[in-house]
Each structure stands twice: as C-alpha cells, then as structure tokens.
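# Observations on the model geometry
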Amino acid sequence: MESDSKQSQETLREPQPSLATIGPEKAFVAICRLAVALPLLLLVVLVVDAVVDGWPRLSWGFLTGYPSRNPEIAGILPALAGSAAVIVLTAVMAIPVGVGAAIYLEEYTKPGRLTSLIELNISNLAGVPSIIYGLLGLELFVRAMQMGRSLLAGAATLALLVLPAVIMTSREALRTVPYSLREACYALGADRWQTIWRVVLPMSLPGILTGIILSVARAIGETAPLIMIGALTYVAFLPDSLMSPFTALPIQIFNWVSRPQKGFHTNAAAGIVVLLVLMLLLNATAIWLRVRLQRRVNW
Amino acid sequence: MSIHTAIPAHLPARTALHERRRLTERLVGAVLFACAIVSLITTVGIILVLIVETAGFFQEVSLRDFFGDTQWTPLFAKKHFGIWALVAGTALTSAIAVFTAVPLGLLAAAYLSEFAEERVRRVLKPIMEILAGIPTVVYGYFALTFVTPLLQKVVPGLAGFNALSPGLVMGIMIFPTIASLSEDALYAVPTSLREAAYALGATRLATTFRVVIPSAFSGIVAAIILGVSRAVGETMIVTIAAGQQPRFTFDPRVPVETMTAYIVQVSLGDTPTGTLEFRTIFAVGMMLFVFTLALNMVAHRLRQHILKGSLW
C-alpha cells in the first residue's frame, strides 16, 4: 500500500520526459549506477581475493593450531579465544552502561544544558579515531589502574570505544515506543521506573539488541586500540584469567600481513576469511533476533 | 510525579509504598545518571592523558622544533621532531581517499535519492553499511597484496609501500560514509521544492543539480568533512600499506608514514614508557585528536543546521 501511494506520488511529481532531455538524464543515471556498482564490485573482489589467497590454509588444523615460525603449521586458536573473551567482556561492560545512559537521556532527563552537553559529547566521541582510545586505554587502564597488558584492559578500552554507538542505537530503539503506551502504564498507577522496566524496555528490546550486536561486531575487527594497549602478537597459550596477556584475531592477521614471507600472507588471508565469517554470523544473528522478537510484540 | 501527589497522604500503607517507590525512583535515576556521565568522563580522560603527556614532551622539545622542521626522526640517534613529515603523510593519503570517495559518494547519493526506485534504495543502503563495517585490517591486506601489485603494472616507479594504494582503498572505506550521509541530506529536501522546479519546466536532471543539490549543500559538506575525519584517523590501512618512512613529500609513489602509523610503530616496538620517544606518540595523538575534533565539530554544526530546517 505504502509503495503504491509512493509510486503515484512519484509519477505526479515527475515531468514527462521529452526527447531533448532524456539523453543527458539517461547518461547521468548510467554514470551514477556505475558509481554505486564500482565500490560494491570491489567488495566482491576483496572477498574473493581473500578466499582464493587463504584457501590452502583453511582447515580444521588452522582453527585449532597455535602460532608458529612455520607458516604451514601456524594456527589461530589463541587469537580466536582471545577475540571471543575480549568481545564477551566488552559487551558485559558496555551494554549496561550504554543502555543505562540511553534510558537516562531518553526517559529521565529534561532537555537542558547538561543534557545537550552529554549529547554533543557522545556525538563527538563517536568521531574520535579508535587509536586515540588506544592511547587512553594505555595510560588509564594499563598504567594508572595497573591492569597491565591484560584481557581486562583490552576489553575496557573497547567498551569505551563502542559506548557511543551503543548509546545512540539504544536511544533510537527507545524512541520507537509510542508515548501512548507510557501514558497507559502511568494511568494504571505505575511509576516511571516500572513503566520503563515492564513496558518500554521489553518493547524496544529488538532494536536495542540489534544495535548492540552490530556495535559489538564492529569491535571484533578493531585492531589499532588493541595494539596500543599492548595485545601481544605472539601468544602460544589460551587466556585463562582476566589479567592474562592475550592476542586477538585482527592482531594476528596484522602480524602475519606485516611479515615479508608469502606463506604468512596466505595465513593472513585465511585469518581474514575467518574474521569475515564471524562478523557475518553476528550480523545475521542481529537480523534474526530482530525479526523473531518483533513478531512477539506484534500489535 | 503527579501520580505521587495524587495519593492521599492520610493512608499509612500507601505512604510506605509511596516512600519506597520514591526511593527506588531516586536510586535508579542516580545509577542511570552515572551511566550517562561515563561518556563525559571518557572525553575528560582523553583530553587529560593527551595534555599531560604532551606537556611532558614539550618540556624537552621546543614548539619551534616541532612546528618548524620537516624531518621526523625521534627514534634515531640524530633526533628531529618536525611534525610536518607525518602531517604530510596523513594529508597525502587522506587527500587521495577523498578524491576517490567524493565523486563516487555524491553520484551514488544523487542516484539513490533522486533517480533510484524505493526498492533499489532499500536494498543498496544496507549493502553499503556492510562496506563500512569491514575491519580496516582487511582493507590493509587488500591494499598491500592486491591493489599495490595491480597498480605497479600501470604506474611506473610505484614502490611496494606507497601512499597511492592505501589512499585509494581508504577512499572505498569512506565511500559509504559520504554516500549515506549525503543521501540523507538530499532525501530531506522537501518534495515541494522539486515540484516547484518541475512546474517551471525544469527536467529531473536540472532539478537535481540546480535545486536539490544546492538546497542540501551544507549536509553534503558535512558528509564530506566526516569522511575526511575518518580518513585522517584511519590507522591500519596506512600502517600496513603506506610504509614507515616519515617524509615531507607529495609524491604518491613513495613510502610515507602517517600520524596514526607512527603511533602504531612506536607501540609495537619496545620503547620504554616515560621516555621522550614514548611521549612523542601522545604529542602526535594530540595533533590527531585536535584535527579530527575540529572536523567533527564543524560537521556537527552543519548537520544541526539542517535538522532544525531553518531554511523552510
């Protein structure tokens, strides 16, 4: 229905093309299509290139092996375990704080000087290069708080990095809940927190979850801040505590890319394929969750 | 709150409930406020860390050595601290990226907003998001092992590490940012303006170029500025594919080093903390932070201007 009315609007507002004008317009649209297609084509080339380069090394042994001087037997198990641990910790730290901040800004505070300061600040933080977060993590977590070059320091740094994105997507999700529902809840005698906890949050959960998963998926690919806080490039053990030194998948890939030997480039490509598959899985999960949860609160 | 005052005060049981609710309400409010404040503390933390370490750096190196020299060799025996060598590397790679991404991004935005069917638009926008979500280490690998060898066949004298290849790949990386934000700006132009142009007999092409694009101009500029800011702060692509030789040059064929790549180089080495060499990364980080913050603030201002719709 919506697309129908949209279409009739389109036909209404567009002039009938005459022969004199149709030529340049067609040419321009063709150029535009090319401009859209070119980057997308490069995306395909990039993925195919990585798969072709990494294919010889993609095996079970690669996933379960430890790094080695010999590219033929080197594997990514410590990097995978490190990435998984960092991401889970990042999520545990960033989600409550991010959603809490979003609720505060959307539901609790009135527009004012402090609120607009916080808002401006969040949008600025979202634009700060990730390597600057690495410098902060290095001074604050690694040195001042004496966490050392540990999982915890890495995850805390990444949590600060993803926080603006988590806050912004959660706010958008909260905003989709119609105001009438809040009023209905107040009319039943609920107070503000009860309304948020029982009505607003459950209603906006699909949007919040999707936003969180997408933000955290971005963190999996982050390399620079983890290099800054000193994630190791050669780790032959699995992380066993919060204070354990660690490596992560993008760090391992970077390490292999920066070596001159061809064999390690093959490993890097194989690592890239694993990283892209992981991100794809997370993105798919986000979409699946949204669809599934949305069905439950269908009015 | 009006609900609370509506409860009759003479009912003792209600009052206890009322009190408890008010306490919860206050407690929750305080916790949520603390969450919101974390972002402010982060900013303060970044600024403090950069200022303290940069101040330490400038106690040993004069401002004139920093801003008045074009050689950057803090890790060598004969030390030079001319930041312009790193700024040139960043400017060169970012400029190549912007010259790649701006034409592509604007054409894509014009197409999606003015010419494409709604269906095409709805499919293409998420795909561009995927492009924006690819880890930069992956783009770095692509630049080094695919784009550079390809370009070497066409560009004579192109070194294995150079500014051209990472610049081009970075252009692809920032393309979605520029395309998507410009498209938002174009799409936000009221249909009535287009209809007015059509009523005057303008073609769709003329309407796009003479009416829609000028109306959305500040939004488009904001999109480009945010793209530039991302290119300036981008780290892994240039670290992997541009080399680690700081030099004041605008030749895209030779190895250069960007500000971000230098920071990574130092933190990968075993420079002891607290030394002058170590402090250089904070001085460079400060430059980077100031640059990107200024760009983001300008873009933010321009976008606020559109959101308020002060023109209509």
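Residues numbered from 1 in each chain as written. Chains lettered and ligands numbered in written order. Predicted model: local features only at pLDDT ≥ 70, side-chain atom pairs only at ≥ 80, totals over all residues. Heavy atoms only, no water.

### Some remarks on the overall build of chain B
For the record, the criterion: Helix and strand definitions follow DSSP, with helices as H or I runs of at least four residues and strands as E runs of at least two, each counted in order from the N terminus. Radius of gyration here is computed from C-alpha atoms only, and the compact-globule reference equals 2.2 Å multiplied by the residue count raised to the power 0.38. Each residue is assigned to one of three classes by its accessible area relative to the maximum for its type, calculated with a 1.4 Å probe on protein chains only: buried under 20%, partly exposed between the two thresholds, exposed over 50%. In this description, contact between two residues means that some pair of their heavy atoms is separated by no more than 4.5 Å. All accessibility values rest on the Shrake-Rupley procedure with a 1.4 Å probe; residue burial counts only the protein chains present in the view. Asp and Glu are treated as the negative residues and Lys and Arg as the positive ones, with His and the ends of the chain left uncounted. One atom stands in for each charge, and that atom is NZ of Lys, CZ of Arg, CG of Asp or CD of Glu.
The secondary structure content of chain B amounts to 13 helices and zero strands. The order of α-helices and β-strands along chain B, N terminus first, is α-α-α-α-α-α-α-α-α-α-α-α-α. The C-alpha atoms of chain B give 26 Å as radius of gyration, which overshoots the globular expectation for 312 residues (20 Å, by more than 25%). C-alpha atoms of chain B, sized along the principal axes, occupy 85 × 65 × 35 Å. Counting every position in chain B, which comprises 312 residues, the buried fraction comes to 52%. Taking as baseline every contact in chain B between residues at least 6 positions apart, the subset at least 24 positions apart corresponds to 70%. Carbon and sulfur atoms form 67% of the exposed surface of chain B, whose accessible area is close to 14100 Å². Where the 23 positive side-chain charges of chain B centre and where its 18 negative ones centre are 7 Å apart.

### Observations regarding the domain arrangement of chain B
All names here are of chain B. Stated formally: An automatic or database domain assignment is the source of the domain bounds shown. The term buried area refers to how much accessible surface (probe radius 1.4 Å) is lost by two components on association, counted for both of them together. Only one rule defines a salt bridge in this text: a Lys or Arg side-chain nitrogen within 4 Å of an Asp or Glu carboxyl oxygen.
For chain B, the assigned domains are domain 1 (20–60) and domain 2 (84–308). Distance between the C-alpha centres of domain 1 and domain 2: 30 Å. Interface area for domain 1 against domain 2, summed over the two sides, is near 940 Å², with a carbon-plus-sulfur share of 80%. Ranking the residues of domain 1 by area buried against domain 2 places L50, E53 and F57 at the top, with a combined share of 54%. Summed over the shared surface of domain 1 and domain 2, the number is two salt bridges.

### Details of the pattern of salt bridges
Tallied over the full model, the rule gives 18 salt bridges over all chains. The closest approach of N and O atoms between A:R171 and A:E119, which form a salt bridge, is 2.7 Å. Of this pair, A:R171 sits in helix α7 (residues 151–175) while A:E119 sits in helix α5 (residues 113–125), and the two are 52 residues apart along the sequence. Each of A:E139, A:R143, B:E53, B:E60 and B:R279 takes part in one network of salt bridges that share partners.

### Let's talk about the confidence of the model for chain B
As a reminder of what qualifies: Values of pLDDT, ranging from 0 to 100, describe the predictor's confidence in every residue of the model.
Mean pLDDT over chain B works out to 87, with 93% of the residues at or above the 70 mark. Per-element averaging of pLDDT across chain B places helix α1 (residues 2–6) of chain B at the bottom with 50 and helix α11 (residues 236–241) of chain B at the top with 94.

### Digging into the environment of A:Q146
Assignment of secondary structure puts A:Q146 in the loop between α6 (130–144) and α7. Note: C-alpha distance between A:Q146 and A:G82 (64 residues apart in sequence) is 20 Å.

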